[in-house]
Amino acid sequence: MLHLPTVISLSFILNLIIGLYFVSIYQYKKQTSFLYLGLACVTFTFAILCASLRVIIAWPFITHYFASLFIIACPLFLIMGLKALNPLNKGTCRQVSSLLIVAAVFLLAVYNTAAEQILVSLTVAGLFVYASYIVLNARFIAKLQQRMLLLCLLLHALVMLIQGVLLLLPFVTAINFNFTSVLQFTLSVHLMLATSAALLLPFLVFANTEHTLNSLANRDPLTQLLNKRGLNAIANTLFSKNNAEHPISIIMVDIDFFKRVNDEYGHDAGDEAIKWIAQHIAALFSKSAVTARVGGEEFAILLSHCTLNEAQSAANTLRKNIKNKPFSYFDNTICLKISAGVACSNTHTSSFKSLLSAADKRLYIAKTTGRDKVIYESAQNPFISKKSVCT
Ligand SMILES: Nc1nc2c(ncn2[C@@H]2O[C@H](COP(=O)(O)OP(=O)(O)OP(=O)(O)O)[C@@H](O)[C@H]2O)c(=O)[nH]1
């Protein structure tokens, strides 16, 4: 049998530490999810404290009424904290405070009666089912911890439901059985599950925060394509895993005479034109291609398992798509054109850096020999052979 005082003490200490930890992070991050998750843990310690005082004082208003209120407040704050992790969720604060007020009134009505504990157990069971639903639908990046938290919450709901049913049984049936030891066991399990959930929360929250920061650092905010940093990270991993048998190609794209777009139609029109080109790139290349905006009006498309011929053909399709479909900006029709340089990995270009440099050189040739073309072969002479120019 579990030693209840030990379980109570451990639960109290761990929830208090985690709760204060979250609240202290809120102090400098000002992110409400941290405050609510902290409050969830701290209210649980208040519940433990109030309920434990039953052995030394006979003030049911504190040891029962407040203990019950804190037990209900804990999953409510947890729900608020989980919801606040998604910035699109709004309005939970008012809903939760209304629910707390309703709970406070109801608890007062059943204050110090057997119905109080039954009501608390069933309400908490329902709240944990709802919290599980939020965790299930949240896009946590730490999948293992997400599943563990889900398991904790569902088990918790089940334990509270069993506790509520056991407390209800003597009133609705003729069963005359002493459930004290079973109830003590459910209490221990309740405390351990609440503590396990509290221990999992920091892992989940920080894995998500780190993932968000990483994607912010690796994405271009205007086009949502990768930026140079993001491209380098993925490309270097791709090259380190790739064996020489599989060709990797890169297409470097630059918008022709883009300065004129800015000068004639304004910087906002320029921004929209960059987004429009990025949409063409995203639409033409499958999800397996790595697409990035690597400079002001320069893009890179990295294609694994793609030969030089396949890459130049794709680059040429992109060039024609952009050229043949003018870009509309309010009442203006702007004809955009691109130049591209294509390179493919081989025995001479086995690193991403050298591949990039080869494609860059070809892009330069495209720019200096008339623009609106795709160059995919290097030439000693900048006035390259016709064969390698696709117009
Ligand atoms: N609107 C907008 N303009 C940008 C952005 N980044 C770079 N530019 C502009 O892109 C233009 C690039 O000009 P250039 O490098 O001279 O090249 P270009 O006019 O496209 O000529 P070629 O590349 O030689 O065909 C500059 O005017 C930059 O101000 C951006 O994010 N938004």
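Residues numbered from 1 in each chain as written. Predicted model: local features only at pLDDT ≥ 70, side-chain atom pairs only at ≥ 80, totals over all residues. Heavy atoms only, no water.

Looking at the environment of Lys320
Line of reasoning, step 1. Mapping Lys320 onto the fold places it in helix 11 (residues 308-324).
Line of reasoning, step 2. Sequence separation of Lys320 and Lys337 is 17 residues, and the distance between their C-alpha atoms is 8.5 Å. (Helix = DSSP H or I, 4+ residues; strand = E, 2+ residues; numbered from the N terminus.)

Section: the packing of aromatic side chains
Line of reasoning, step 1. One pass over the structure, following the stated rule, counts 14 aromatic pairs.
Line of reasoning, step 2. Aromatic side chains Phe239 and Phe352 sit 6.0 Å apart centroid to centroid with 50 degrees between the ring planes, which places their arrangement in the tilted category. You can see Phe239 sitting in helix 8 (residues 228-241) and its partner Phe352 sitting in helix 12 (residues 352-368), a full 113 residues away along the chain.
Line of reasoning, step 3. Taken together, a centroid distance of 4.8 Å and an interplanar angle of 85 degrees make the contact between Tyr329 and Phe330 edge-to-face.
Line of reasoning, step 4. Using a relative accessible area of 15% as the deciding quantity, one classes Tyr329 as buried.
Line of reasoning, step 5. Classification of Phe330 as exposed rests on a relative accessible area of 72%.
Line of reasoning, step 6. Ring pairs connect the aromatic residues Phe46, Phe61, Tyr65, Phe66 and Phe70, which therefore count as one cluster. (Phe/Tyr/Trp six-rings, centres within 6.5 Å; stacked < 30°, edge-to-face > 60°. Buried < 20%, exposed > 50% of the residue type's maximum accessible area, 1.4 Å probe, protein only.)

Here's the deal with the packing of helix 3 (residues 60-84) against helix 5 (residues 114-137)
Line of reasoning, step 1. Packing of helix 3 against helix 5 leaves a shortest axis separation of 9 Å and a crossing angle of 10 degrees. For the element pair helix 3 / helix 5, the angle class is roughly parallel. Contacts between helix 3 and helix 5 pair His64, Tyr65, Ser68, Ile71, Ile72, Pro75, Leu76, Leu78, Ile79, Leu82 and Lys83 from the former with Glu116, Val120, Thr123, Val124, Leu127, Phe128, Tyr130, Ala131, Ile134 and Val135 from the latter.
Line of reasoning, step 2. Split by residue class, the contact of helix 3 with helix 5 holds 16 nonpolar, three polar and two charged. (Axes fitted to C-alpha atoms, helices over the stretch in contact; angles between N-to-C directions. Parallel < 35°, antiparallel > 145°, perpendicular 65-115°, else oblique. Contact = heavy atoms within 4.5 Å. Nonpolar A, V, L, I, M, F, W, Y, C, P; charged D, E, K, R; others polar.)

Considerations on the environment of Leu302
Line of reasoning, step 1. Tracing the chain through its elements places Leu302 in strand 3 (residues 298-304).
Line of reasoning, step 2. Leu302 sits in the buried class, given a relative accessible area of 1%.
Line of reasoning, step 3. Separated by 13 residues in the primary sequence, Leu302 and Ala289 have C-alpha atoms spaced 5.8 Å apart.
Line of reasoning, step 4. Apart from the residues lying within four places of it in its own chain, the contact partners of Leu302 are Leu231, Ala235, Leu238, Ile248, Ser249, Ile250, Ala289, Val290, Phe352 and Leu355.

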